[in-house]
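Listed below are the residues making up each chain.
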Amino acid sequence: MSVKTSADVLIGGKIYTLSGYESEEYLQKVANYINNKLNEFDEIEQFRRIPADMKATLLELNIADDYFKAKEQAETLEKTVREKEREIYELQHDLISAKIKVESSEETASNLEKENKELLLNKAKLETSLADALLGKVKGQTLAGQEHNRVDNKNLAEQDRPSDSSHEELSTAKNQASPAQQDGNKKQNSNRKK
C-alpha cells in the first residue's frame, strides 16, 4: 500500500499543506494548475470586482468544465483505442486467413507442380514408346520387304531351274530314245567336239 505524503504548496499567495497518496511532485502539479486558473481569471477585469465566494464558485465551475472536457476527450480516446484494437483484431484475423490461404495455395501449387512433372515424365515415356514403335514398324516393314524380296527371288530361281520331276522325265526320255536316235545324238556330239 502507498504511503501518505504531505506537501506545502502555494495557491493564490497562501501556503497550504496538501496530503495524499500521490507523490509530492503530483501535489505540486495540482497546486500549479489551480494557480494558473487563478491567474487566467485575474487577467479579466470584471473578475477582480467579484466577491471572493463568487470567485471561488467560478473557479470551481471552470475546473469542473476542464474535468468534463478532459473526461470526454479520454472517453473519445478510449473509444478510438477500442476501435483500433477491433481493427487490429480483424486485421490479425484477416492476416491469419491470408496465411492459411497462402499455405493452401502453396500446397496446391506444390501438388500441381508434382503432377505436372509426372505428366511431363509420362509424356516423355509415351513419346519414346511411340518413337520406338514407329522405328520398329519401319524396321519391321524393311525386314518384311527384304523377306518378301527373298521369297520372290527364291520363287524366280525355282521357276528358272527345272524341277526334279521334269529333270527325271528328260533323263527317262533320253534313255528311251531309239538306238538310231542315240547313234545320231552321239554323232552330233562327236562332230561338235571336232
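Counting starts from 1 at the beginning of each chain's written sequence and moves along it residue by residue. Where local features are concerned, this predicted model is filtered to residues with pLDDT of at least 70; where side-chain atom pairs are given and counted, the filter is 80 or more; whole-chain, interface and lining totals use all residues. The basis for every side-chain value is the complete set of non-hydrogen atoms in the structure, without hydrogens or water.

## Quick look at the overall build of the protein
Reasoning step 1: Only DSSP runs of H or I reaching four residues or more are called helices, and only runs of E reaching two or more are called strands; each is numbered from the N terminus. The helix and strand tally for the protein stands at five helices and two strands.
Reasoning step 2: For the protein, the α and β elements follow one another from N to C terminus as β-β-α-α-α-α-α.
Reasoning step 3: Accessibility here uses a 1.4 Å probe with only protein chains present; expressed as a share of the type maximum, an area under 20% marks a residue as buried, one over 50% as exposed, and anything in between as partly exposed. A buried classification covers 7% of the 194 residues belonging to the protein.
Reasoning step 4: Here a residue-residue contact requires only that any non-hydrogen atoms of the pair lie within 4.5 Å. Here the contacts in the protein between residues at least 6 apart in sequence split such that 17% fall between residues at least 24 apart.
Reasoning step 5: Computed with the Shrake-Rupley method and a 1.4 Å probe, the accessible areas treat only the protein chains shown as cover for residues. Total accessible area on the protein is roughly 17,200 Å²; 55% of this is exposed by carbon and sulfur atoms.

## Details of the pairing of strand 2 (residues 14-20)
Reasoning step 1: Of the strand pairs in this sheet, strand 1 (residues 5-11) and strand 2 are connected by seven bridges, and their pairing is antiparallel. Note that in strand 2 the partner of threonine 5 across the bridge is glycine 20. The pairing criterion is simple: DSSP has to find at least two bridges between the two strands.

## Some thoughts on the layout of surface pockets
The gaps left among the atoms become clear once a water-sized probe is rolled over them.
Reasoning step 1: Cavity means a closed set of points on a 1 Å grid over the protein atoms alone, one where a 1.4 Å probe fits but cannot get out, pocket means an open set with protein on both sides within 12 Å along at least 5 of 7 lines, and lining means a residue has an atom within 4 Å of a point. Grid points are joined across faces, edges and corners, and a volume is the space filled by probe spheres set on the points. Taken as a whole, the largest pocket holds about 200 Å³ of empty space.
Reasoning step 2: Contributions of two or more residues to the lining of the largest pocket are made by helix 1 (24-42) and helix 3 (52-160).
Reasoning step 3: Per element, the largest residue contribution to the lining of the largest pocket is four residues, and it comes from helix 3.
Reasoning step 4: The residue classification treats Ala, Val, Leu, Ile, Met, Phe, Trp, Tyr, Cys and Pro as nonpolar and Asp, Glu, Lys and Arg as charged. All others, Gly included, are polar. Here the lining of the largest pocket is built from residues that sort into seven nonpolar, one polar and two charged.

## Regarding the nonpolar core
Reasoning step 1: Residues enter a nonpolar core if they are buried and are Ala, Val, Leu, Ile, Met, Phe, Trp, Tyr or Cys, with the set joined through side-chain atoms within 4.5 Å. In terms of nonpolar packing, the biggest core is built from seven residues, these being Val9, Ile11, Ala31, Ile34, Phe41, Phe47 and Leu59.
Reasoning step 2: Those elements giving two or more residues to this core turn out to be strand 1 and helix 1.
Reasoning step 3: Top contributing element to this core by residue count: helix 1, with three residues.
Reasoning step 4: The residues touching isoleucine 11, leaving out its near neighbours within four places in the chain, are Tyr16, Ala31, Ile34, Asn35 and Leu38.

## Let's talk about the pattern of salt bridges
Reasoning step 1: Any carboxyl oxygen of Asp or Glu that lies within 4 Å of a side-chain nitrogen of Lys or Arg is treated as forming a salt bridge with it. Here the structure, examined in full by the defined rule, presents eight salt bridges.
Reasoning step 2: The salt bridge involving glutamate 40 is made with lysine 37; its shortest N-O contact spans 3.8 Å. Placement of the pair is glutamate 40 and lysine 37 together in helix 1, with a separation of three residues, close to one helical turn.
Reasoning step 3: Relative accessible area serves as the criterion here: at 44%, glutamate 40 is assigned to the partly exposed category.
Reasoning step 4: The shortest N-O distance in the salt bridge between lysine 37 and aspartate 66 comes to 2.5 Å. On the criterion of sequence distance, the pair formed by lysine 37 in helix 1 and aspartate 66 in helix 3 is long-range, its members being 29 residues apart.
Reasoning step 5: Since its relative accessible area comes to 8%, lysine 37 is described here as buried.
Reasoning step 6: Classification of aspartate 66 as partly exposed rests on a relative accessible area of 24%.
Reasoning step 7: The structure contains a network of salt bridges with shared partners spanning Lys37, Glu40 and Asp66.

## Some words on the packing of aromatic side chains
Reasoning step 1: Between 30 and 60 degrees the pair is tilted, below 30 it is stacked and above 60 it is edge-to-face, where a pair is any two Phe, Tyr or Trp rings, Trp via its six-membered ring, whose centres lie within 6.5 Å. Counted under the stated rule, the structure contains two aromatic pairs.
Reasoning step 2: Geometrically, the ring pair formed by tyrosine 67 and phenylalanine 68 is edge-to-face, given 5.1 Å between the ring centres and 70° between the ring planes.
Reasoning step 3: Residue classification places tyrosine 67 among the partly exposed residues on the basis of a relative accessible area of 48%.
Reasoning step 4: Residue phenylalanine 68 is classed as exposed on the basis of its relative accessible area of 52%.
Reasoning step 5: Only when the NZ atom of a Lys or the CZ atom of an Arg is both within 6 Å of the ring centre and within 35 degrees of the ring normal do we say a charge sits over the ring. Geometry around phenylalanine 47 places lysine 55 over its ring, the cationic atom sitting 5.4 Å from the centre.

## A short note on helix 1
Reasoning step 1: The span expected for a helix works out to 1.5 Å for each residue beyond the first. Given a rise of 1.5 Å per residue, 19 residues ought to cover 27 Å, and the 27 Å separating the end C-alpha atoms of helix 1 matches this to within 8%.
Reasoning step 2: Within helix 1, burial applies to Leu27, Ala31, Ile34, Asn35, Lys37 and Phe41. Take helix 1 and look down its axis: the buried residues cluster within an arc of 155°, on one side only. With respect to the buried face of helix 1, the exposed residues turned more than 90 degrees away are Glu25 and Lys29. What the arc covers is the set of directions going from the helix axis to the C-beta atoms.

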